[in-house]
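# Chain and residue survey
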Amino acid sequence: MAVVRSFRALRYDPAVAGPLETLVAPPFDVIGPEQRDELRGRSQYNVVHLTLPNSEDEAAANLADWTEQGVLVRDPEPSCWWLAQEYVGPDGVARRRKGFVAALRAEPYENRIVLPHERTHAGPKEDRLRLLRATRTQLEPLFFLWDGTIEVDGLGEPDLQSGGDTLWRLDAEFSDALADELRDAQLLIADGHHRYETTLASGESWLLAVIVPTGQEGLTIFPTHRVAQGAGTAAGTPIEPPGDDLPGPVLYHGGRYELLAGLGLDSEVVERAAPSGVTYTPQREEAVATVDRGEAEAAFLLRPTRIEDVWAVAQRGDVMPQKSTFFYPKLTSGLLFLPLD
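Predicted model only: the values in this text are computed from it and were never measured. (Residues numbered from 1 in each chain as written. Predicted model: local features only at pLDDT ≥ 70, side-chain atom pairs only at ≥ 80, totals over all residues. Heavy atoms only, no water.)

Arg-284, Ala-287, Val-288, Thr-290 and Val-291 are the residues of helix 9 (residues 284–292) that are buried. Down the axis of helix 9, the sector holding all buried residues measures 155°, keeping them to one side. In helix 9, the exposed positions that point more than 90 degrees away from the buried face belong to Glu-285 and Asp-292. Looking one or two places after helix 9, you find Gly-294, whose phi comes out positive at around 80°. (Buried < 20%, exposed > 50% of the residue type's maximum accessible area, 1.4 Å probe, protein only. Helix = DSSP H or I, 4+ residues; strand = E, 2+ residues; numbered from the N terminus. Arc of directions from axis to C-beta.)

Spelled out as structure tokens, the structure:
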């Protein structure tokens, strides 16, 4: 069974730390060096001083100092939280994605309670493991999908708000009801595979989870296109420039579009062609423009992976190629922390 519980959140006190907008950040793995410097410059208390420190010892020292100074305060009572994220997707459409925040017990994959869908790499896990052991705190939430529906009414005024993120503390009765609802559930990791496996490797039992029911219009997957220095063995049937809805995985090179044939998901078809020097972008126009500028040989344009296909892959015990899914928006780091004590 999936075990979730309420928790005593550690969180910023804006009266001491300053406006929440200056303190939060995207997840560590989407922040480049320039953005890291910009975020660190926003505030001496910005969360990247914890999630992307100069060393894990620096992060642990910051965390201890901020707690002692009252920059971070611990809630006196445990609770779950309701999260709403207002966003405009890469397609220009405004949406609202909803879910709840709780402590989730980490389960080995073989128990088939929490399912992965993407491959991971050793480097990021080693880095996160050192940080987790030094801070003894889950600093960033992980994103999970649950094949269900929850409606929450009468929330009143929010307890936290920053940008498009709004959080409400849930009372004990509702938190207990959520825990009961999830007892027979399977959860799918949408984003955070490396950090999930880090928690398993650390021997810790609990992680900070945002669990998003799939039965809502605000949950969408966008495609991640590939830009390659070498196209590998890829070759297809020439087609006219495609419209918004791609007919399948499309190769763009030499000013031409070609429809690739093959079984499986678009990302799997591309992976079998073994392109080299691959980078990723959610922007189709940017992928094509990179080739036109002569900065890459080929672009692979992909359709979004359907949520039901992600579930199907995970439930049969398989994993997808890297960057097969792009759940947008990313979860915000710095709203809530989960101390492991």
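Using the criterion set out here, one finds eleven aromatic pairs in the structure. Summarising the aromatic geometry, the rings of Tyr-45 and Trp-66 are spaced 5.6 Å apart at their centres and angled 90° between planes, so their arrangement reads as edge-to-face. Here the residue Tyr-45 occupies a position in the loop between helix 2 (33–42) and helix 3 (48–51), and Trp-66 occupies one in helix 4 (residues 56–69), the gap between them amounting to 21 residues. Taken together, the aromatic side chains of Tyr-12, Tyr-45, Trp-66 and Phe-337 make up a single cluster linked through ring pairs. Geometry around Phe-28 places Arg-128 over its ring, the cationic atom sitting 3.8 Å from the centre. (Phe/Tyr/Trp six-rings, centres within 6.5 Å; stacked < 30°, edge-to-face > 60°. Lys NZ or Arg CZ within 6 Å of the ring centre and 35° of its normal.)

In terms of burial, strand 10 (residues 165–169) is largely enclosed, as four of its five residues are buried. Both strand 4 (residues 81–88) and strand 10 contribute to a ladder of five bridges, which runs antiparallel. Opposite Gln-85, over in strand 10, you have Asp-165 as the bridge partner. Hairpin connection of strand 9 (residues 160–162) to strand 10: two residues between the antiparallel strands, including Gly-163 at a positive phi of 60°. (Pairing = 2+ DSSP bridges.)

For the pair helix 5 (residues 122–135) and helix 7 (residues 193–202), interaxial distance at closest approach is 9 Å and the crossing angle is 55°. Put simply, helix 5 runs oblique to helix 7. You can see that helix 5 and helix 7 cross each other, and the crossing is right-handed. Two secondary-structure elements touch here, helix 5 through Pro-124, Lys-125, Arg-128, Leu-129, Leu-132 and Arg-133 and helix 7 through His-194, Arg-195, Glu-197, Thr-198, Thr-199, Ala-201 and Ser-202. Its residues placed into classes, the contact of helix 5 with helix 7 shows four nonpolar, four polar and five charged. (Axes fitted to C-alpha atoms, helices over the stretch in contact; angles between N-to-C directions. Parallel < 35°, antiparallel > 145°, perpendicular 65-115°, else oblique. Left-handed = near helix turned anticlockwise from the far one by under 90°. Contact = heavy atoms within 4.5 Å. Nonpolar A, V, L, I, M, F, W, Y, C, P; charged D, E, K, R; others polar.)

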